[in-house]
Amino acid sequence: MRADSHGLLSEDGSKATLVVLGTGFAAFSLIKEIDVDAYEVTVVSPRNHFLFTPLLPSTTVGTIEFRSIIEPIRTARERIQFYQAWCTDIDIQKRTIQCQHALDKTMFILPYDILVIAVGATNNTYGIPGVEQNALFLKELADARAIRQRIIECFERASIPELSEERRKRLLHFLIVGGGPTGIEFAAEMHDFLVEDLREIFPSLIDDVRITILEAAEHILSTFDATLSAYTIKHFERQKIEVLTKSGVVKVDAEQVFLQDGSTVPYGLLIWSTGIGSTLLVQSLAVLKDKHARIVVDQYLRIQGFTNLYALGDCATFHDRMLPATAQVAQQEGRYVARALNRLAKGKQLEPFRYKDWGMLAYIGSHRALADLAAVKGRGFATWLFWRSVYLTRLVSFKNKILVVLDWMKTLIFGRDISRF
Ligand SMILES: Cc1cc2nc3c(=O)[nH]c(=O)nc-3n(C[C@H](O)[C@H](O)[C@H](O)COP(=O)(O)OP(=O)(O)OC[C@H]3O[C@@H](n4cnc5c(N)ncnc54)[C@H](O)[C@@H]3O)c2cc1C
């Protein structure tokens, strides 16, 4: 490749082809900023939309509707080519990728001059038997839809007359494995659904409902300041959300989880949220990776040893430091690579990536949130208002912002919908 006044050129003199894998936080922010006059941009992802995951827990109970937090990739940016497909293999020597269409499974090959790998991560089950078959995850919109459906099913089934008490209590036990931000936020949303809507709709069942969080480590929210983690425990005690720490799960079946100490916990709905692992594509790549199988990149987010291969977001890590697997890291990396490629196309020098930590937020239910910022450790009602305003400003389109505000108002006025279809 070489640069001229029109940008980076391929060996044959045409505009350089930039292929981006993924439509998540990293890829989306890159696509938004890349100079489409300088590159032929092709995006490959099995998901034809961007998903704003920080508000995904709110969709599991209907506080926010599913379509309010997604943005179709085809309308997000003009003059990009999109294929709804999985990248199944990368031939680094030939500079081609192999893809499988997500809908009709057709295989095809695409050439690239520059490749950006932003394929995120998968749910980590640590190989614990029965998790994959019986638990629900919370990563994609389809997961949130399945959870919402299952919650309503549990209540409808539990209201069958002459059901044994044991079976009713099992159906109404909402069990979350993993005390990180995602598990905590789901528990908080489930609690709000219970006290604001289900209590009135199913008054005879409400005393049998339980929400429990199982955490293998000593503390929940271990990435947050210890005072905020302790505050959450106290807050959950008042909400009657049970938190069991040092409770490692060793096996799961269709009705109960088996703990390390030999005890069992029956459940009606099981959410598994214990961390992330690497995707099959990343596992298959013969490039340098760390012990968590994340691709090792240099200070320009280029894969070690290559100048035309980039990796960013949850699937990448730096050789000298590890950044958290969060949306803000992925977003900043995507924006950085777009600007770096735009600079390269103009023949300018690259500057290394610098990460700015904006802090962490989490919703803990009953109009209370946590904010772990460098300057302040906020919690409570005012922090909840801050939490809502931050996410509102971070949503990626004006349409999303309007829809989310309308959803919040709709929930406040009419409550959450419990129809099953
Ligand atoms: C419920 C939930 C709540 C969260 N809340 C927060 C929060 O409040 N704050 C925060 O900072 N972070 C949060 N996160 C974490 C954040 O979502 C991730 O860190 C972020 O999405 C990582 O961005 P990414 O672009 O690397 O991956 P992703 O956003 O996961 O995107 C990966 C993309 O790659 C695509 N893909 C996968 N395999 C292939 C393949 N083989 N070929 C082509 N494309 C492929 C996927 O379809 C997807 O489009 C949350 C995550 C979840 C699940």
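Numbering of residues begins from 1 in every chain and follows the order in which that chain's sequence is written. Local features in this predicted model are restricted to residues of pLDDT 70 or higher, and side-chain atom pairs are both shown and tallied only at a pLDDT of 80 or more, whereas totals for entire chains, interfaces and linings draw on every residue.

**Student:** Which residues make up the overall build of the protein chain, and what are the values?
**Tutor:** The helix count covers DSSP runs of H or I at least four residues long, the strand count covers runs of E at least two residues long, and both are numbered beginning at the N terminus. For the protein chain, the helix and strand inventory stands at twelve helices and 25 strands. Only C-alpha atoms enter the radius of gyration, while the globule expectation follows 2.2 Å times N to the 0.38, with N the number of residues. The C-alpha radius of gyration of the protein chain comes to 23 Å, within 12% of the 22 Å expected for a compact globule of 421 residues. With the C-alpha coordinates of the protein chain rotated into their principal frame, the extents come out at 75 × 40 × 40 Å. Burial in this document is a count-based property: other C-beta atoms within 10 Å of a residue's C-beta are tallied, and the residue is buried at 20 or more, exposed at 12 or fewer, or partly exposed in between, with C-beta positions derived from the backbone. Going through the 421 residues of the protein chain one by one, you find that 40% of them count as buried.

**Student:** Now, about the domain arrangement of the protein chain: what can you tell me, with residues and values included?
**Tutor:** Segmenting the protein chain into domains produces domain 1 (2-121 + 278-345) and domain 2 (131-275 + 359-414). Mapped by element, the contributors of at least two residues to the side of domain 1 that touches domain 2 are strand E5 (49-51), helix H2 (56-59) and strand E6 (70-72). It is H2 that contributes the most residues to the side of domain 1 that touches domain 2, four residues altogether. Here the limits of each domain have been adopted from an automatic or database domain assignment.

**Student:** Mind laying out the packing of helix H1 (residues 25-33) against helix H10 (residues 327-345), listing which residues take part and the relevant values?
**Tutor:** With axes taken as lines fitted to C-alpha atoms, and helix axes fitted only over the stretch in contact, angles between N-to-C directions fall between 0 and 180 degrees. Here H1 crosses H10 at 35°, and the two axes come no closer than 7 Å. Handedness of the H1/H10 crossing: right-handed. Of H10, the residues touching H1 (which contributes Phe-25, Ala-26, Ala-27, Phe-28, Ser-29, Leu-30 and Glu-33) are Ala-327, Ala-330, Gln-331, Glu-333, Gly-334, Arg-335, Val-337, Ala-338 and Arg-339. Three residue categories are used. Nonpolar comprises Ala, Val, Leu, Ile, Met, Phe, Trp, Tyr, Cys and Pro, charged comprises Asp, Glu, Lys and Arg, and polar comprises the others, including Gly. Within the contact of H1 with H10, the residues separate by chemical class into nine nonpolar, three polar and four charged. Crossings are sorted by hand: turned counterclockwise from the far helix by less than a right angle, the near helix makes the crossing left-handed, and turned clockwise it makes it right-handed. By the convention adopted here, residues are in contact when the distance between their C-beta atoms, placed from the backbone, does not exceed 7 Å.

**Student:** Describe the site of the ligand, with residues and values.
**Tutor:** Using a C-beta atom placed from the backbone, a residue is scored as near a molecule or strand whenever that atom is within 6 Å of it. Around the ligand, the surrounding shell holds 32 residues, and the nearest of these are Gly-22, Gly-24, Gly-120, Gly-313 and Thr-326. Counting residues per element, the ones that place at least two in the shell around the ligand are H1, strand E4 (39-45), H2, strand E7 (80-91) and H10. For the shell around the ligand, the per-class residue count stands at 18 nonpolar, eleven polar and three charged. Two domains each donate at least three residues to the shell around the ligand, and these are domain 1 (2-121 + 278-345) and domain 2 (131-275 + 359-414).

**Student:** Help me get a handle on the pairing of strand E16 (residues 256-259), residues and values and all.
**Tutor:** One ladder, built from three bridges, connects strand E15 (residues 249-252) with E16; its direction is antiparallel. Paired with Val-249 across the bridge in E16 is Leu-259. Each pair of strands is called paired provided DSSP finds at least two bridges between the two strands. Hairpin connection between E15 and E16: a loop of three residues separates the two successive antiparallel strands. Bridge analysis of E16 against strand E17 (residues 264-266) gives three bridges, and the strand direction is antiparallel. Note that in E17 the partner of Val-257 across the bridge is Val-265. Taken together, E16 and the strand that follows it, E17, pair antiparallel across an intervening segment of four residues, in which Gly-262 is found at a positive phi of about 95°.

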